[in-house]
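Survey of secondary and tertiary structure
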Amino acid sequence: MAEYFSFIDRQIVNILKISGLLIPGIEKVVAIYYDHILDDIYAKSLKRNSSGAQIEDLLIDDFKSSLQKLRTQKESVKWFRKEELPFELKDSNKVEMKIFDELENVVLLLRFFNGNDKKYDLLYFYFNENSGNFEISDSHNALSVKNKRIIEFLLFNCIRTIIETNKNDLQLLKLIIEEKRSNTKSNNLIKEDFKILKKKFGQSLGDLCKTYVEEFSTQRNKEFKLTEGALIKISNYEGDINNLKPTIERSISWIENTNFDNDKDILEINEWDINFFDYDVKTKPNEKKLEIPNKYTKTILLLDKLENASQGVKLKNYGLTSANVGKAFPTPITAPAISDALKKHRKKILYLLKQHPEKWRIIRNEFRPLLNIITAKPDLDDLYDSKKGS
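One structure accompanies this document, and this report is about it. (Residues numbered from 1 in each chain as written. Predicted model: local features only at pLDDT ≥ 70, side-chain atom pairs only at ≥ 80, totals over all residues. Heavy atoms only, no water.)

What follows covers the overall build of the protein chain. In terms of helices and strands, the protein chain carries 13 helices and eight strands. Counting over 390 residues, the protein chain shows a buried share of 39%. Residue pairs in contact within the protein chain that sit at least 24 positions apart in sequence constitute 65% of those at least 6 positions apart. If you sum the accessible surface of the protein chain, you get close to 24000 Å²; carbon and sulfur atoms cover 52% of it. (Helix = DSSP H or I, 4+ residues; strand = E, 2+ residues; numbered from the N terminus. Buried < 20%, exposed > 50% of the residue type's maximum accessible area, 1.4 Å probe, protein only. Contact = heavy atoms within 4.5 Å. Areas by Shrake-Rupley, 256 points an atom, 1.4 Å probe, with all protein chains shown as cover.)

Structure (structure tokens):
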């Protein structure tokens, strides 16, 4: 019943409308109920007026003991005079009860069991004293016993049906909420598991690349080391794992070529030295993927460095000159060094630009030293070599 009596705040108007359709003579409804959350009994009343229905709180502190006694009684239905109700003002001039006082019993009490405190919540329905509001007539006679029995039956079963419906709806709502909580908990656990797996996978990628670095260090008789930033970048890599080894080799080759005069015992591989290249070109089903031979590693690395440096120059609104691009390298180089590198890799650059028109967009469209190579009139050897990529 505590669940049911949530209607006092939200649904009592609907209850009154339903009751009014059955028995239009209802003037007021008073509900005495136990709130299991606040562990106390409370009262609310609904009165009809010209503007509709108005809900008010009733102060029952002075009557709680008598109301609690009424809540222990099990009689489902009972009629009262208004003066008999503990929360109504008493008429001091009222004469002693007569044989016809039953006609003045116009307040119907309905009791509904409250499973929370094992007592009964109370619903008082106040009726007009004449039967004209009930019978199909203009009679102003008092409500008869027959009228009252019909009213009792209709109201009690109507309210009980609403109670059961609300209880069922509440149970269904609880199941929905519980299922939602369970799903939310499961989703959160899945997310946490995914984060853990992703972290472990990222660490595995880092460990794999460390192995590659050790391998290339041994081959070159020079020690290289991945920085923390490089390991973080590798841990977030989502491409083909087979591309990691050539990526590390390109990075080491670049560092080796641009630090030939560096006498440090250990050369660091920073995050900006690592540029992942997508070796896998989108193909149709059953078509082979395009594989880039290792002989293009240094050329690809050069183009990647030029593209990244050019992007940094443009962000600073500097002119896209060889000098500015060379200064934007992780390890700055001169403009003549860029020209020499482009000249040295000219044939491979032309081949790669043709094979991958979607890459290196800035330098292929705006960087003058590369544009000079692209627009230069090729000789027969260049045409042949650019086609086969040699």
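With that out of the way, let us pick up helix 3 (residues 64-72). Of all the positions in helix 3, only L67, L70 and R71 are classed as buried. Here the buried residues of helix 3 occupy an arc of 100° about the axis, which is enough to place them on one side. Facing away from the buried side of helix 3, by more than 90 degrees, are the exposed residues S65 and K69. Against strand 1 (26-35), strand 2 (40-49), strand 5 (107-114) and strand 6 (119-127) lie the buried residues of helix 3. (Arc of directions from axis to C-beta.)

Here N270 lies in the loop between strand 8 (266-269) and helix 7 (297-315). Setting aside residues up to four positions removed in sequence, N270 forms contacts with T227 and A230.

This part is about the packing of aromatic side chains. One pair of aromatic rings is described through two measures. These are the centre distance and the angle between the planes. Evaluated as defined, the whole model comprises six aromatic pairs. Ring plane angle 10° and centroid distance 5.3 Å describe the contact between F112 and F156, whose orientation is recorded as stacked. Linking F112 in strand 5 with F156 in helix 4 (residues 145-220), this pair joins segments that are 44 residues apart in sequence. For the cation-ring pair, K28 lies above Y126, with the distance from its terminal atom to the ring centre recorded as 4.2 Å. Just above the ring of W360 sits the side chain of K359; from NZ or CZ to the centre is 5.3 Å. (Phe/Tyr/Trp six-rings, centres within 6.5 Å; stacked < 30°, edge-to-face > 60°. Lys NZ or Arg CZ within 6 Å of the ring centre and 35° of its normal.)

With that out of the way, let us pick up the environment of V107. Position of V107 among the secondary structure elements: in strand 5. In this structure the C-alpha to C-alpha distance between V107 and N128, which are 21 residues apart in sequence, comes to 9.1 Å. Residues in contact with V107, not counting those within four places in the same chain, are K78, W79, F80, K82, L85, Y124, F125 and Y126.

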